[in-house]
Amino acid sequence: MTICVIAPFTGLAGDMLLAALVDAGAPLERIRAAVASSGLTGWELRVEALLTHGLTAARAQVNVTDDATSRSAAELIAMAGRVEPAPVADRAVAALRAIAEVEGRLHGEAPEHVHLHELGGHDTLVDVIGVCAALDALDVSTVYCGALPLGTGTVRTAHGLLPCPAPATAALLRGARTTGSDLTGETVTPTAAALLRATGARFEPPPEFRLLATGYGAGTRPLPDRPNIAVVHLGDTAEAGHRTLVVLETNLDDVTGEVLGHVVGELLSAGALDAWISPVTMKKGRPAHVLHVLAEPAHAARLGDLVLAETGSLGLREYPVRRTALDRVTETVDVLGLPVRRKRGPHGAKPEHDDVVAAARELGLPARVVATIAAGR
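Residues numbered from 1 in each chain as written. Predicted model: local features only at pLDDT ≥ 70, side-chain atom pairs only at ≥ 80, totals over all residues. Heavy atoms only, no water.

Draft legend 1. Local environment of the overall build of the protein. Summing up its helical and strand segments, the protein has 11 helices and 19 strands in all. Seen through its principal axes, the protein has C-alpha atoms that stretch 80 × 50 × 40 Å. In the protein, which comprises 377 residues, the share counted as buried stands at 47%. In the protein, the proportion of contacts linking residues at least 24 apart, taken out of those at least 6 apart, comes to 68%. One finds the centroid of the 34 positive side-chain charges in the protein at a distance of 6 Å from the centroid of its 43 negative side-chain charges. (Helix = DSSP H or I, 4+ residues; strand = E, 2+ residues; numbered from the N terminus. Buried < 20%, exposed > 50% of the residue type's maximum accessible area, 1.4 Å probe, protein only. Contact = heavy atoms within 4.5 Å. Lys, Arg positive; Asp, Glu negative; His and termini not counted. Charge placed at Lys NZ, Arg CZ, Asp CG, Glu CD.)

Draft legend 2. The sheet that holds strand 16 (residues 317–324), seen in detail. Taken in spatial order, the four strands of this open sheet run 14-15-13-16, and their pairing is antiparallel. Edge strands, defined here as strands with exactly one partner in the open sheet, are strand 14 (274–281) and strand 16. Averaged over all adjacent pairs, the angle separating strand axes in this sheet is 30°, with direction ignored. Across eight bridges, strand 14 lies against strand 15 (residues 287–295) in antiparallel orientation. Across the sheet, Val-280 pairs through a bridge with Ala-288, a residue of strand 15. Here helix 9 (residues 300–311) sits on the sheet and contacts strand 13 (242–252), strand 15 and strand 16; the angle it forms with strand 13, its principal contact strand, is near 15°. (Pairing = 2+ DSSP bridges. Axes fitted to C-alpha atoms, helices over the stretch in contact; angles between N-to-C directions.)

Draft legend 3. Looking closely at the nonpolar core. Grouped together as the largest cluster of nonpolar side chains are 72 residues, with contacts concentrated most on Cys-4, Ile-6, Leu-21 and Leu-45. Examining the composition of this core, we find that 10 residues originate from one element, helix 4 (residues 86–107), more than from any other. Contacts of Ile-6, omitting those with residues within four sequence positions, involve Leu-12, Leu-17, Val-143, Tyr-144, Cys-145, Gly-146, Leu-196, Val-231 and Val-232. One finds Val-246, Ala-275, Ala-295 and Val-307 within the second-largest nonpolar core, a separate group that totals 17 residues. (Core = buried A, V, L, I, M, F, W, Y, C linked by side-chain atoms within 4.5 Å.)

Draft legend 4. Up close: the packing of helix 4 against helix 7 (residues 190–198). Here helix 4 crosses helix 7 at 125°, and the two axes come no closer than 8 Å. Relative to helix 7, the element helix 4 lies oblique. Crossing hand, helix 4 versus helix 7: right-handed. Listed contacts from helix 7 to Arg-91, Ala-94, Ala-95, Ala-98 and Ile-99 of helix 4 are Pro-190, Thr-191, Ala-194, Leu-195, Arg-197 and Ala-198. The class makeup of the residues in the contact of helix 4 with helix 7 is eight nonpolar, one polar and two charged. (Parallel < 35°, antiparallel > 145°, perpendicular 65-115°, else oblique. Left-handed = near helix turned anticlockwise from the far one by under 90°. Nonpolar A, V, L, I, M, F, W, Y, C, P; charged D, E, K, R; others polar.)

Draft legend 5. Here's a closer look at the pattern of salt bridges. Tallied over the entire structure, the rule returns 15 salt bridges. For the salt bridge of Asp-225 with Arg-226, the shortest nitrogen-to-oxygen distance reads 3.0 Å. Note on Arg-226: relative accessible area 19%, which makes it buried. Between Asp-253 and Arg-286 there is a salt bridge; the shortest N-O distance is 2.9 Å. Note that Asp-253 is positioned in the loop between strand 13 and helix 8 (257–269) and Arg-286 in the loop between strand 14 and strand 15, a separation of 33 residues in sequence. Salt bridges here are not isolated pairs; linked through shared partners, they connect Asp-182, Asp-225 and Arg-226. (Salt bridge = Lys/Arg side-chain N within 4 Å of Asp/Glu carboxyl O.)

Draft legend 6. Inspection of the domain arrangement of the protein at higher detail. Examined at the domain level, the protein breaks down into domain 1 (2–236), domain 2 (242–324) and domain 3 (329–375). A C-alpha centroid distance of 30 Å is found between domain 2 and domain 3. (Domains from an automatic or database assignment.)

Draft legend 7. Quick look at a nonpolar patch on the surface. A cluster of nonpolar side chains, namely Leu-336, Leu-365 and Ile-373, defines an oily patch on the protein surface of about 250 Å² accessible area. Structurally, Leu-336 is set in the loop between strand 17 (329–335) and strand 18 (338–345). Among the residues examined, Leu-336 registers a relative accessible area of 56% and is labelled exposed. (Patch = residues over 30% accessible without salt bridge, like charges linked within 9 Å, V, L, I, M, F, W, Y side chains within 5 Å. Areas by Shrake-Rupley, 256 points an atom, 1.4 Å probe, with all protein chains shown as cover.)

Draft legend 8. The packing of helix 1 (residues 14–23) against helix 5 (residues 122–137), seen in detail. Taken N-terminus to C-terminus, the directions of helix 1 and helix 5 make an angle of 30°; their axes are 9 Å apart at the nearest point. Taken as axis vectors, helix 1 and helix 5 run roughly parallel relative to one another. Considering how the two elements wind past one another, helix 1 and helix 5 form a crossing that is left-handed. Note on element contacts: helix 5 touches helix 1 through Val-126, Asp-127, Gly-130, Val-131, Ala-134 and Leu-135, opposite Gly-14, Asp-15, Leu-17, Leu-18 and Leu-21.

Draft legend 9. Up close: unusual backbone geometry. The omega torsion of the bond from Glu-84 to Pro-85 falls at 0°, within 30 degrees of zero and hence cis. Tracing the backbone shows Pro-85 in the loop between helix 3 (73–81) and helix 4. Note that the residue after Cys-164, namely Pro-165, is joined by a cis bond; omega there is -5°. Examined against the element boundaries, Pro-165 turns out to sit in the loop between strand 9 (160–163) and helix 6 (167–172). Phi is positive for Asp-139, which is not a glycine, with a value near 60°. Structurally, Asp-139 can be placed in the loop between helix 5 and strand 6 (140–145). For Asp-139, a relative accessible area of 57% corresponds to the exposed category. The residue Lys-284 is not glycine, and still its phi comes out positive at about 65°. Its place among the elements puts Lys-284 in the loop between strand 14 and strand 15.

As structure tokens, this is what we get:
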């Protein structure tokens, strides 16, 4: 499992994180292709080396030829939703929705009606999609982040001077680990805060890992006594088969069995690693079910939306789990002249049920007999 550990030395911005990921090995062409798939035009992304206080870091720059400087949140979200591949779109949309929801609450508007000023230009879309594409290209499953240093003073916005951290940033960082800083001005941007939320970043010490690469991303503001950088470390947790995944759960006492079966099928088709239902007894002795979904962290938001839409539930629980998956191979064996697939692991083999049933019908044998032959027992 590849993890990304962010060390926000002087803070964090979307372009700093993007540059650090490229410096750590994320392929720039894949990032550009993902941004281009959104339909955004009139931009060029360049990442160049910069020497700052004796340290070489990467600097991401977006050169814009389009004159659109701001857009609505709905427009940005729609563009991000067109991105390929789908996991990149999921994360990018989640980040932009987080920004829209926070801005909507702050300004008393519905999220879909929010018009983004500083955050509505090319830079925001390129940074958000770029970071999500870089994490996908590096096969990062879990993001960890150190305490974020918060600057003091004010930041100038379209609404005038606001305190640091900006209200949108403060709202997006709810639950994050932060620390004071002797720097003035904006040290953490709303884009960076939204990306941390969308990636499910954990503000806790990472597990032991084998260090694979380190990248340094430079910010735009020069500092007199230190490099203005964010650092990322890529690591392999190395323990065979161990991965951190997400479980989604919701209690349901008003959904029919037919709908539950349908939802499980839809979740598996939509990319869930597993989905299952447990019978429970709720308060006042009501019989009910718990719907469980096992998912990759990058797919959790999209699958959670699917659960809520299909079941009508008003809430959802989400928590990380550590899964151990043993090595296995899929092979095809001959059962009385018919092919049957089976999965073989270190401790035995299990035939694919659909193949067993199909072979049993054609052979006129009980399914259990075909399964026994296919398993090699």
